[in-house]
Amino acid sequence: MSVETAPRRRRLEPDARRGQILACAVRLFGDRPYADVSTTDVAREAGVARGLVNHYFGAKKDLYLEVVRVMVTIPEVALERLPKGNLRTRVDASVTWFLDVVSRHSTSWLAAVTARGMGGDADVERVLAEAEEVAADRMLVAVGLAGEAEHREELRGMVRAYGGLATSTAREWLQRGALTRAQVHLLLTTTLLTIVEQVIPQVLAVDGSTRPAQPAEPPA
C-alpha cells in the first residue's frame, strides 16, 4: 500500500525501473478515470518507451490491476515494523500506519478502493477480495491472534468487517471531510480494541470453558 517514486530518465535496475513505472501509474490512475489514462501516458510520465511498460505489466488493464493491488494490500513489511509492545501499542501503531499511507496517497487510494471507472469489473473485484483476505490474516498477526485455529473463520470475518469500517471511515476523512484524522484514529483504535478485548473472548468461550481473554504477545 505504498509506492515510492524513483528518479526519472537515468539507468535503473529492473526492479527500480518497474517501481518507477508503477509509481507513475499510481499517480495517473489516481488523478484520472481509467478510460482517460493510456500506457503511452504512463510511459511518458515515467520517461520510458511504451514497450517497457508492456514488458513489465502487460496490457493497460493488467497495469491498472497492479495499481489497485498495491494501493489496497497491506504489505508484509508493515507487520515487520510494528512495535513489540502490548496490544494497545500495536493497535495504535497499526492504525497510525494505515492513516499515514492513505493520506500520503489519498487520491490514488480513493480511486483504488472505489475502482473508479471500472465498476463491477470481475478482475477488480477479485483483486479487492484478495486484499481483504491478506488484510484479515495480517491483522490477526498484528493483534496476536494468528495462532487461533478453532474459530479462525469467525475471527477473519470480524477483521474483514473491521476493514470495511476502516475504509469507510478513512473516506469520511479524506473524501467528505466529515471527520478529522484524530477522530478517525480514535474511532478505529477504540473499535479494534473493543473487538479484540471484548467481542472475541466471547466468541472463544466455547462449551463453558473460557479461553484466555488477552491475545498472545507476538514473539520478540
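Quantities reported herein were computed from a predicted structural model and do not represent experimental measurements.

1. Overview of the overall build of the chain
Thinking step 1. Broken down by element type, the chain carries 10 helices and 0 strands.
Thinking step 2. Mapped from its N terminus to its C terminus, the chain presents α and β elements in the order α-α-α-α-α-α-α-α-α-α.
Thinking step 3. Looking at the 220 residues of the chain, the share that counts as buried comes to 42%.
Thinking step 4. Contacts in the chain between residues far apart in sequence, at least 24 positions, make up 69% of those at least 6 positions apart.
Thinking step 5. Counting only carbon and sulfur atoms, one obtains 52% of the accessible surface of the chain, whose full area is about 11200 Å².

2. Structural notes on helix α9 (residues 152-174)
Owing to its 3.6 residues per turn, the α-helix brings residues three or four apart onto one side.
Thinking step 1. Spanning 23 residues, α9 covers 32 Å between terminal C-alpha atoms, matching the ideal 33 Å at 1.5 Å per step.
Thinking step 2. Within the span of α9, buried status applies to Leu155, Arg156, Met158, Val159, Tyr162, Ala166, Thr169, Ala170 and Trp173.
Thinking step 3. Residues of α9 that are buried in the fold lie against α6 (87-104), α7 (106-114), α8 (122-142) and α10 (181-203).

Parameters at a glance
Residues numbered from 1 in each chain as written. Predicted model: local features only at pLDDT ≥ 70, side-chain atom pairs only at ≥ 80, totals over all residues. Heavy atoms only, no water. Helix = DSSP H or I, 4+ residues; strand = E, 2+ residues; numbered from the N terminus. Buried < 20%, exposed > 50% of the residue type's maximum accessible area, 1.4 Å probe, protein only. Contact = heavy atoms within 4.5 Å. Areas by Shrake-Rupley, 256 points an atom, 1.4 Å probe, with all protein chains shown as cover. Expected span 1.5 Å × (residues − 1).

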